[in-house]
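Spelled out from the first residue to the last, the chains are:
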Amino acid sequence: MTTKMSSSKTRRRLFVLLSPALLWPLSACSHNATSEGLQAVQVVPAVKVVRVDLHNTVTLTAEFEPFYEVDVMAKEAGYIRHMLVDIGDRVRQGQLLATLEIPELQADLVKARSDVQTASAERAVARGDLQRAQAGAQIAQLSYNRIQDVSKKEPGLVPMQEVDVAHSHNLEADAQVSAAMQRVEAAESRYQSAVAGLAHETALVEYTRIVAPFRGVVTQRYASEGSMIQAGIASQTQAMPVVKVSQNDLLRLMLPVPEENVTSIHNGQHVSVVVPALNRTFDGTVTRFADRLQMSTRTMTTEVDVKNPQLTLIPGMYAQVTLGTADARNANAVPPGAVDGTGDNQKLFLVDRDGVVRVRKVVTGIQSPQYIQILSGATSGDVVITGSHSGLHDGQKVQPRLQPS
């Protein structure tokens, strides 16, 4: 009895000692199998293809320029009698800016008025002479007709010499009428010439008044009262302007648009104008463009007009203009990091419902900092791998981990 119990205890002790040794290989095999399974299914970051509105823009820098800016010159030489404006004054179109003193113009104006009066009197005399000549011609014609009628009805009653004299007087009267009409025409011509001379002198006197050519701001003053001003004609290059006037309630921006963006420019296009000095954004409108590239810079000059009714903007300020160059509404899009390759070799690594990688060639469209448009190769809702695609291949089993879009 004692011997059997001892044998039984010996067997239990051996089983306890051998059990860990027997189980260890099994445990190791199970652990290796689990590790191999986890390593075979790679976890990859992924996103879904979404639909968004995409906009491509280009930002260009330019300086504000006045819509109009001119140096106001004097038409005639003279001395400044009154200077009525100064730097910073707002002026309206036709407003008097300064007056000139030109004494000889007043004398010429008086003479021109006198010439008109003289020519008018001569014209009146000539017209009177014409009326007298016409009256004499009528009498001569009546006398000739009567004598001729009597001579025909009563032959021999009136001597032929009297008939010939009456005919001669009639012809002479007609000649006097013609001469009087020519004198009237000459007098009328002299009168019109005198009137034109008066208009000329009046216009020259009017040039002593220097007025604003348009509504704007006086940005420069060149002369003061008493200054001698030369006539601002083409041959007088040394002529000094009186003032400079700028139209600042509407400003221009001349933008050098790059060659790759010129096809997207059109008149009436609204743009965003940021002025860093004021930390403000203004609305601008494309009003005209050169429609030709400058060969030296490969850019096209494009004008953007910005309204400035309160004169908040000052010519010379820098502005950053954002032009829209492309637009895609409700487009299929993915983050730029999801697209692999460039040009015609772009592709996406899609993950199907079974977690298998499917490599597809895609065609892309416009791109923004956040998204790139997918024109073909993927649709909304498809799961695509983003980030590095190194080591991935078509048909590979993966576990996608969706990232926020």
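Would you mind showing me how to read the overall build of the chain here?
Secondary structure summary: the chain contains three helices and 20 strands in total. Within the span of the chain, comprising 405 residues, buried residues form 34% of the whole. For the chain, the proportion of contacts with a sequence separation of at least 24, taken over those separated by at least 6, is 76%. Of the accessible surface of the chain, which amounts to about 24,900 Å², a share of 53% is contributed by carbon and sulfur atoms.

I tried to follow the sheet that holds strand 8 (residues 228-229) on my own but got confused; where do I start?
Backbone-to-backbone hydrogen bonds pair the strands of a sheet. The strands run either parallel or antiparallel. Strand order in the open sheet formed by four strands is 6-5-3-8, and the pairing between neighbours is antiparallel. Edge positions in the sheet fall to strand 6 (209-211) and strand 8, since each has one partner strand and no second. Taken together, the three bridges between strand 5 (residues 96-101) and strand 6 define a ladder with antiparallel strand orientation. Across the sheet, Ala-98 pairs through a bridge with Ile-210, a residue of strand 6.

In this structure, what is going on with the packing of aromatic side chains? I would like to understand it.
How two aromatic rings sit relative to each other is given by the distance of their centres and the angle of their planes. Counted according to the given criterion, the structure contains two aromatic pairs. Both rings, one in Phe-67 and one in Tyr-68, keep their centres 4.9 Å apart while their planes meet at 75°; by these two values the pair is edge-to-face. You can call Phe-67 buried: its relative accessible area is 15%. Given the relative accessible area of 43%, Tyr-68 is considered partly exposed. Here the aromatic residues Phe-67, Tyr-68 and Phe-214 are joined through ring pairs into a cluster of three or more. Positioned above the aromatic ring of Tyr-68, the side-chain terminus of Arg-252 is 5.8 Å from the ring centre.

Can you walk me through the pattern of salt bridges in this structure?
Side-chain pairs of opposite charge can arise whenever the charged atoms involved come near each other. Within the structure shown, the criterion is met by 14 salt bridges. Among the salt bridges present, the one from Arg-190 reaches Glu-122, with a minimum N-O distance of 3.1 Å. Remark: Glu-122 occurs in helix 2 (residues 103-153) and Arg-190 occurs in helix 3 (residues 160-206); sequence separation between them is 68 residues. Arg-190 gets classed as partly exposed once you look at its relative accessible area, which sits at 43%.

Explain unusual backbone geometry here, please?
Peptide bonds are, in most cases, trans, and in most cases residues other than glycine have a negative phi. We note that Asp-291 has phi near 60°; this positive angle belongs to a residue other than glycine. Of note, Asp-291 is situated in the loop between strand 11 (280-289) and strand 12 (299-307). Non-glycine residue Leu-311 carries a positive phi angle of around 55°. One can find Leu-311 in the loop between strand 12 and strand 13 (318-334).

Explain the side chain of Thr-386 to me, please; I cannot follow it from the model alone.
Note on placement: Thr-386 falls in the loop between strand 19 (383-385) and strand 20 (398-402). Relative accessible area serves as the criterion here: at 14%, Thr-386 is assigned to the buried category. The residues contacting Thr-386, other than those within four sequence positions of it, are Pro-45, Ala-46, Val-47, Gly-337 and Ala-338.

I'm lost on the pairing of strand 17 (residues 363-367) in this one. Help?
For a regular strand, side-chain orientation follows a simple rule: the groups alternate between the two sheet faces. Note: strand 17 against strand 18 (residues 372-376), three bridges, orientation antiparallel. In the strand pairing of strand 18, Val-363 is matched with Ser-376. Counted along the chain from strand 17 to the antiparallel partner strand 18, the turn is four residues long.

Please explain the confidence of the model for the chain as it appears in this structure.
Parts of the model with low pLDDT should not have their predicted coordinates read in detail. Residues at a pLDDT of 70 or more form 89% of the chain, whose mean pLDDT is 85. Low pLDDT, under 50, characterises residues 1-38; the predicted model gives this stretch zero contacts beyond four residues in sequence or across chains.

Explain the nonpolar core here, please?
Nonpolar side chains in soluble globular proteins generally cluster together in the buried interior. Grouped together as the largest cluster of nonpolar side chains are 24 residues, with contacts concentrated most on Phe-64, Leu-253, Leu-255, Val-273, Val-306 and Leu-323. The set of elements that each furnish at least two residues to this core consists of strand 2 (50-72), strand 9 (243-258), strand 10 (270-275), strand 11, strand 12 and strand 13. Beyond its immediate sequence surroundings of up to four residues, Leu-323 is in contact with Asn-56, Thr-57, Val-58, Leu-60, Leu-255, Val-257, Ile-265, Val-271 and Val-286. Among the nonpolar cores identified, the runner-up in size contains 23 residues, and Ile-80, Val-91, Leu-97 and Ile-229 belong to it.

Parameters and conventions
Residues numbered from 1 in each chain as written. Predicted model: local features only at pLDDT ≥ 70, side-chain atom pairs only at ≥ 80, totals over all residues. Heavy atoms only, no water. Helix = DSSP H or I, 4+ residues; strand = E, 2+ residues; numbered from the N terminus. Buried < 20%, exposed > 50% of the residue type's maximum accessible area, 1.4 Å probe, protein only. Contact = heavy atoms within 4.5 Å. Areas by Shrake-Rupley, 256 points an atom, 1.4 Å probe, with all protein chains shown as cover. Pairing = 2+ DSSP bridges. Phe/Tyr/Trp six-rings, centres within 6.5 Å; stacked < 30°, edge-to-face > 60°. Lys NZ or Arg CZ within 6 Å of the ring centre and 35° of its normal. Salt bridge = Lys/Arg side-chain N within 4 Å of Asp/Glu carboxyl O. pLDDT = per-residue confidence, 0-100. Core = buried A, V, L, I, M, F, W, Y, C linked by side-chain atoms within 4.5 Å.

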